[in-house]
Amino acid sequence: SAVISQKPSRDICQRGTSLTIQCQVDSQVTMMFWYRQQPGQSLTLIATANQGSEATYESGFVIDKFPISRPNLTFSTLTVSNMSPEDSSIYLCSAARDNEQFFGPGTRLTVL
Amino acid sequence: SQQGEEDPQALSIQEGENATMNCSYKTSINNLQWYRQNSGRGLVHLILIRSNEREKHSGRLRVTLDTSKKSSSLLITASRAADTASYFCATDSSFGNEKLTFGTGTRLTIIP
């Protein structure tokens, strides 16, 4: 299995500000993924982050709102920009190894 | 992508009983994975079953896959209080891009 860490584990932010979430994998992976889990809901894919290229966003998610960096094969960041209370969610990163996908512990974001 | 359905949405059973959760999906798949999530924390990978497999076991877990019906089931035998969690199925498409589509989840409560 892969060991994935995320920082911060939780944060409370003011409306209109931005938060950058970091994701670190214990070994090199080709693709990393960012998911959102709104309260009481399942997970929805935000984007796929490949090293050396721009992230690929799913329908309903745009780069201006959720810019992603992937500077190397073990690290990625997701920024939630110009936050509103509707952005209050758990944000999770993941990486795949041998077809199995492993998840970080998540970042619980509350926007006031 | 279309989200899969899981049923039941919630399940409460006595400790020691078996718990069965079902997952249906909409498109052709490469793999189907089951995850556990405790109290809105990160996802724990339980088991992966490939599209050419029909049944898989891991400890007290038994997973079946019926690709003709586009459905899977997760059986937890001899349940324990620590099994109380939400359980999600997730599929990746036959295009092999590793993006996961999650089911709606089943909230399992084990009553001591």
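All residue numbers here refer to positions counted from 1 along the written sequence of the relevant chain. Chain A is the first chain written and ligand 1 is the first ligand written, with later ones labelled in order. Thresholds applied to this predicted model are a pLDDT of at least 70 for local features of residues and 80 or more for the giving and counting of side-chain atom pairs; totals over whole chains, interfaces and linings are not thresholded and use all residues. Side-chain numbers here rest on the full set of heavy atoms in the structure, without hydrogens or water.

What's the story with the overall build of chain A in this structure? I'm lost.
The secondary structure content of chain A amounts to zero helices and eleven strands. Each helix (α) and strand (β) of chain A, taken in turn from the N terminus, gives the series β-β-β-β-β-β-β-β-β-β-β. Relative to the compact-globule value of 13 Å for 112 residues, chain A shows a C-alpha radius of gyration of 13 Å, a close match. With respect to the principal axes defined by its C-alpha atoms, chain A has extents near 40 × 25 × 20 Å. With 112 residues in all, chain A has 51% of them scored as buried. Long-range contacts, defined here as pairs at least 24 residues apart, represent 53% of the contacts in chain A between residues at least 6 apart. Counting only carbon and sulfur atoms, one obtains 47% of the accessible surface of chain A, whose full area is about 5,300 Å². Just so you know, the count uses Lys and Arg for positive and Asp and Glu for negative, and it drops His and the chain ends. The atoms used to mark charge sites are NZ of Lys, CZ of Arg, CG of Asp and CD of Glu. Positive and negative side-chain charges of chain A, numbering 8 and 9 respectively, have mean locations separated by a distance of 7 Å. Strands here are runs of E lasting at least two residues and helices are runs of H or I lasting at least four, both read from the DSSP assignment and numbered beginning at the N terminus. The globule rule is 2.2 Å times the number of residues to the power 0.38, and the radius of gyration it is compared with is taken over C-alpha atoms. For every residue, the accessible area (1.4 Å probe, protein chains only) is compared with the maximum for its type, and the residue is labelled buried under 20%, exposed over 50%, or partly exposed between those bounds. Contact criterion: two residues are considered in contact whenever any of their non-hydrogen atoms come within 4.5 Å of each other. Using a 1.4 Å probe, the Shrake-Rupley method yields the accessible areas, and only the shown protein chains count as cover for residues.

For this particular structure, what's the right way to read unusual backbone geometry?
Of note, the amide linkage connecting K7 of chain A to P8 of chain A takes the cis form, showing an omega dihedral of -5 degrees. Assignment of secondary structure puts P8 of chain A in the loop between β1 (4-7) and β2 (10-13). In the segment running from D7 of chain B into P8 of chain B, the intervening peptide bond is cis, with an omega of -5 degrees. Relative to the assigned elements, P8 of chain B resides in the loop between β1 (5-7) and β2 (10-14). Of note in this structure, A78 of chain B is not a glycine but carries a positive phi near 45 degrees. Secondary-structure assignment places A78 of chain B in the loop between β8 (71-76) and β9 (85-93). Given the relative accessible area of 39%, A78 of chain B is considered partly exposed.

Sorry, what's going on with the sheet that holds strand β3 (residues 19-25) of chain A here?
Sheet strands associate in pairs through backbone hydrogen bonding, adopting either a parallel or an antiparallel arrangement. Residue and element names in this part refer to chain A. Two strands pair if DSSP finds at least two bridges between them. With antiparallel pairing, the four strands of this open sheet are ordered in space as β1-β3-β8-β7. Taken across any chain shown, the strands that pair with only one partner, and hence form the sheet edges, are β1 and β7 (68-72). On average, each strand axis in the sheet is inclined to that of its neighbour by 15 degrees, with strand direction left out of account. Examined bridge by bridge, β3 and strand β8 (residues 75-80) share six bridges and lie antiparallel to one another. Looking across to β8, one finds that T20 is bridged to T79. All axes here are fitted lines through C-alpha atoms, helices being fitted over the stretch that makes contact, and every angle between N-to-C directions spans 0 to 180 degrees.

What should I look at first to understand the pairing of strand β11 (residues 106-111) of chain B in this one?
Regular strands have side chains that alternate between both faces of the sheet. Residue and element names in this part refer to chain B. Alternating positions in β11 separate cleanly, T106, L108 and I110 being buried on one face and R107, T109 and I111 remaining unburied on the opposite face. Of the pairings in the sheet, the one linking β2 to β11 comprises five bridges and is parallel in character. Bridging from a neighbouring strand, Q14 pairs with I111 of β11. When β9 meets β11, the two strands line up antiparallel, connected through three bridges. Within β11, the residue paired with S86 across the bridge is R107.

Just to check I follow, could you spell out the interface of chain B and chain A for this structure?
With 22 residues of chain B at the contact, the number on the chain A side is 22 residues. Broken down residue by residue, the surface that chain B buries against chain A is led by L43, E98 and K99 of chain B, which jointly contribute 31%. We define a salt bridge as a side-chain nitrogen of Lys or Arg found within 4 Å of a carboxyl oxygen belonging to Asp or Glu. At the boundary of chain B with chain A, the tally comes to one salt bridge. A salt bridge links E58 of chain A to K99 of chain B; the shortest N-O distance between them is 3.0 Å. What qualifies as a polar contact is a pair of N or O atoms within 3.5 Å, subject to a donor-acceptor requirement within protein and to the restriction that residues adjacent in sequence count only when both atoms come from side chains. Along the contact surface separating chain B from chain A lie eight residue pairs in polar contact (both at pLDDT 80 or more). For the side of chain B that touches chain A, the secondary-structure elements that each account for two or more residues are β4 (29-37), β5 (43-50), β9 and β10 (100-102) of chain B. Looking at the side of chain B that touches chain A, its residues break down into six nonpolar, eleven polar and five charged. Summed over both partners, buried area is the accessible surface (1.4 Å probe) that two parts give up on being assembled. Under the grouping applied here, Gly and all other residues not named as nonpolar or charged are polar, the nonpolar ones being Ala, Val, Leu, Ile, Met, Phe, Trp, Tyr, Cys and Pro and the charged ones Asp, Glu, Lys and Arg.

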